[in-house]
Amino acid sequence: MGDHTSRADDTEMSAEFGYRPQLRRSLGSFQVFAVSFAFISVAVGIFGTYDDLLTSAGPVGIWTWPVALVGQLLVALVIAQFAARIPLSGSSYQWASRLTDPRIGWGFGWLTFCYLITGLLAIDSAMASQCLMPLFGMPPDEVVSRVITVIILAVQAAIAIASTWIVGVLNSVAVVVELTIVVVLVVALSVAVALTGHGTLDNLTSRGVTADAPDYFAFGGGLMASMIVGLATLVGFDSAASMAEEAKDPHRSVPRAIVGSVVAAGILGFLFLIALTVAIDDVAKVTASGSPVASILGDQLGHPTERILLVVIAVAFFGGGMVTMTSCARIVFAMSRDGRFPGHRLFRIVHPRTRTPVAATLLPLVIGILTLVVIPGDALIELITSGTLFPAITYGLIVVLYLVVRRRLDTTTGAFDLGRWEVPVAVAALIWTVAAVTVLLAPASARVPLIIVVGLIGLGAIYLGYLMIRRPVALQANRNPTPDP
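On a predicted model such as this, the values are computed, not experimentally measured, just so you know.

Conventions adopted
Residues numbered from 1 in each chain as written. Predicted model: local features only at pLDDT ≥ 70, side-chain atom pairs only at ≥ 80, totals over all residues. Heavy atoms only, no water. Salt bridge = Lys/Arg side-chain N within 4 Å of Asp/Glu carboxyl O. Helix = DSSP H or I, 4+ residues; strand = E, 2+ residues; numbered from the N terminus. Buried < 20%, exposed > 50% of the residue type's maximum accessible area, 1.4 Å probe, protein only. Phe/Tyr/Trp six-rings, centres within 6.5 Å; stacked < 30°, edge-to-face > 60°. Patch = residues over 30% accessible without salt bridge, like charges linked within 9 Å, V, L, I, M, F, W, Y side chains within 5 Å. Areas by Shrake-Rupley, 256 points an atom, 1.4 Å probe, with all protein chains shown as cover. Axes fitted to C-alpha atoms, helices over the stretch in contact; angles between N-to-C directions. Parallel < 35°, antiparallel > 145°, perpendicular 65-115°, else oblique. Left-handed = near helix turned anticlockwise from the far one by under 90°. Contact = heavy atoms within 4.5 Å. Nonpolar A, V, L, I, M, F, W, Y, C, P; charged D, E, K, R; others polar. Expected span 1.5 Å × (residues − 1). pLDDT = per-residue confidence, 0-100.

**Q** Is there a simple way to think about the pattern of salt bridges in this case?
**A** Pairing is possible between side chains of opposite charge, provided their charged atoms come close. In this structure the tally under the stated criterion is nine salt bridges. Notably, a salt bridge pairs E245 with R337, separated by 2.3 Å at the nearest N-O pair. You can see E245 sitting in the loop between α11 (239-242) and α12 (250-278) and its partner R337 sitting in helix α15 (residues 304-337), a full 92 residues away along the chain. By relative accessible area, E245 is classed as buried at 3%. R406 is the salt-bridge partner of E422, the closest N and O atoms lying 3.3 Å from each other.

Okay, here's the thing in structure tokens:
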């Protein structure tokens, strides 16, 4: 490690890193935790992927969840090391820019921007089609779903612009609601199975409808495909790092939020998966239902429970989308104040009253609307699916970055620190991220999303080339914001 430094006062921290303090530090420890937990969202993740698990690996596939939990926790520990030492908006963009080269940092920033945009579209589109429309008894309709998605995006943008404190409060409420209902459902399902006898522990070792699948254990086969539940759910925990300049005592609160959210979501999610799986009365019927979580709850607890679940899922979806939009705005703002994002003069402006980057927050809204209007159905689904690849790739590169630059990081009094465990944890995290990317790329269905990922990376490379040729001063390696030429 580098020289030992003391932790600056929160109000002076941005200036310490070469920036004029503009954002308001209004997020307490629980609100910072809620930012990461809401992005992960156990209820949303399991609701959206449990059907994939049943059709690819059967109920026994839930045992891949602890593997994903351990792997993602390793990544979270590495990210927490960075967040404790460079607590700035833009997270990995800042870490790579300051510790290696601004061009590399720009690549991290662009990857993060792409994964947040695709993630935002995935969350809000699913909220509209899988949650709100069924809740209000509306028949499936792609046009209606897209209109509702636009409305959701607009409301989230309005809240994010109005106040980061309001975002934190609303998100905290959403997280408390989600935590409470998931715990209640775990207990209720367990009691229902014990009283009625509908359900069995044998489900925990059942392959269900995949019992005779010849490629079950093959590369890219059913068991491997079931990893998507953990990999698609236990992501986004780094969003707390993107909000670091708005967190109180970020050297400690942000790393704790990153690690704590993964642990909490991982344990709670696994308990929920076990309760759901044991409560299945007819595996084949539930697998074919199209919405197995709702079907299990309806069979065990009565159909009114389905509506309660949809309300809670809607709250969780909205909180996760709001956090994603806010995080996306922060990466745009962070890159823009360094003059390194298209339209940086506009996107770096912070409103003097709300202390939020208004234009940077409107950008995800505008991109979302244009995408929903222009891109047809199948292409939109593929674009959204590509969002599962971006975080895995980004996390892998962050781990590589840490192994390369760890000796350049200063220690910080009172901050999160792995100490002698940093190298073993980082090496294990690297092995895991390579495995995770391999798992996501293994299915034949991953080819189109991979092409989209490569295309978006190529688009970013074109703009980076423009900066290198036409505005090289913006990529100068220094710790201070680069003035416009």
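**Q** What should I look at first to understand the packing of aromatic side chains in this one?
**A** For any pair of aromatic rings, geometry is given as the distance between the ring centres together with the angle between the planes. All chains considered together, the criterion is met by 14 aromatic pairs. A ring pair is formed by Y216 and F217, whose centres lie 4.8 Å apart and whose planes are at 80°; its orientation type is edge-to-face. Take Y216: its relative accessible area is 2%, and that puts it in the buried class. Between Y463 and Y466 the ring centres are 5.5 Å apart and the planes differ by 35°, which places this aromatic pair in the tilted class. On the criterion of helical spacing, the pair formed by Y463 and Y466 is a turn pair, its members being three residues apart in helix α21 (residues 447-470).

**Q** Explain a nonpolar patch on the surface here, please?
**A** A cluster of nonpolar side chains, contributed by V143, V147, I151 and V155, occupies part of the molecular surface with about 350 Å² of accessible area. Of note, V147 is situated in helix α7 (residues 142-162). By relative accessible area, which is 46% here, V147 ends up partly exposed.

**Q** Before we go on, may I ask you to explain the environment of G298 in this structure?
**A** Considering the arrangement of structural elements, one finds G298 in helix α14 (residues 292-301). G298 gets classed as buried once you look at its relative accessible area, which sits at 5%. Counting along the chain gives 144 residues from G298 to A442, while the straight-line C-alpha distance between them is 34 Å.

**Q** I keep staring at the packing of α15 against helix α17 (residues 358-374) and nothing clicks. Help me out?
**A** Axis angle and axis distance: for two packed helices, these are the angle between their axes and the distance between the axes, and together they describe the pair. At their nearest, the axes of α15 and α17 sit 8 Å apart, and the two run at 120° to each other. The angle between α15 and α17 places the two elements in the oblique class. Pair α15 / α17 crosses with right-handed handedness. Contact residues: α15 offers M325, C328, A329, R330, V332 and F333, while α17 offers A360, T361, L363, P364 and L365. Residue composition of the contact of α15 with α17, grouped by class: nine nonpolar, one polar and one charged.

**Q** Which parts of the structure should I look at to understand the packing of helix α4 (residues 65-85) against helix α20 (residues 422-441)?
**A** Two numbers describe how α4 lies on α20: the axes approach to 9 Å, and their chain directions differ by 130°. With respect to α20, the axis of α4 lies oblique. Crossing of α4 over α20 shows left-handed handedness. For the pair formed by α4 and α20, the contact residues are V67, A68, G71, Q72, L74, V75, L77, V78 and Q81 on the first element and E422, V425, A426, A428, A429, W432 and T433 on the second. For the contact of α4 with α20, the class distribution of residues is eleven nonpolar, four polar and one charged.

**Q** What should I look at first to understand unusual backbone geometry in this one?
**A** Residues other than glycine predominantly adopt negative phi, and peptide bonds predominantly adopt the trans conformation. Of note in the backbone geometry, S41 takes a positive phi value of approximately 50° without being a glycine. Examined against the element boundaries, S41 turns out to sit in the loop between α2 (29-40) and α3 (42-56). Residue classification places S41 among the buried positions, given a relative accessible area of 3%. For R355, which is not glycine, the phi torsion reads 60° and is therefore positive. Inspection of the secondary structure assignment puts R355 in the loop between α16 (344-347) and α17. Here R355 falls in the partly exposed class, since its relative accessible area comes to 26%.

**Q** Mind showing me how you'd approach the environment of A128 here?
**A** Here A128 lies in helix α6 (residues 102-135). A128 sits 14 residues away from E142 along the chain, and the two C-alpha atoms are 9.9 Å apart. A128 has contacts with M133, P134, S145, I148, T149 and I152, leaving out every residue within four places of it along the chain.

**Q** In this structure, what is going on with α2? I would like to understand it.
**A** One turn of the α-helix equals 3.6 residues, which is why residues spaced by three or four share an orientation. Relative to the 16 Å expected for twelve residues at 1.5 Å per residue, α2 spans 17 Å between its end C-alpha atoms, a close match to the ideal helical length. Across the twelve residues that make up α2, a large majority, ten, are buried. Considered for burial, the residues of α2 that qualify are Q31, V32, F33, A34, V35, S36, F37, A38, F39 and I40. Immediately downstream of α2, the backbone of S41 shows phi near 50°, a positive value.

**Q** In this structure, what is going on with the confidence of the model for the chain? I would like to understand it.
**A** Low-pLDDT stretches of the model should not have their predicted coordinates read in fine detail. Within the chain, residue pLDDT values average 88, and 94% of them lie at 70 or more. Below pLDDT 50 for its whole length, residues 1-8 participates in 28 contacts with residues either more than four positions away or in separate chains. Across residues 479-485, where pLDDT falls below 50, the model places 20 contacts with residues more than four positions away in sequence or in other chains.

**Q** Even after reading the chapter, I still don't get α17, so can you show me in this structure?
**A** Along its 17 residues, α17 runs 24 Å from first to last C-alpha, staying within 8% of the 24 Å computed at 1.5 Å per residue. Along α17, the residues classified as buried are A359, A360, T361, L363, P364, L365, G368, T371 and L372. Elements that come into contact with the buried residues of α17 comprise α6, α7, α15, α16 and α18 (377-385).

**Q** Explanation requested: the side chain of T49 in the structure shown.
**A** Relative to the assigned elements, T49 resides in helix α3. In this structure T49 comes out as buried when scored by relative accessible area, which is 10%. Excluding residues within four positions of it along the chain, T49 makes contact with V229, A232 and T233.

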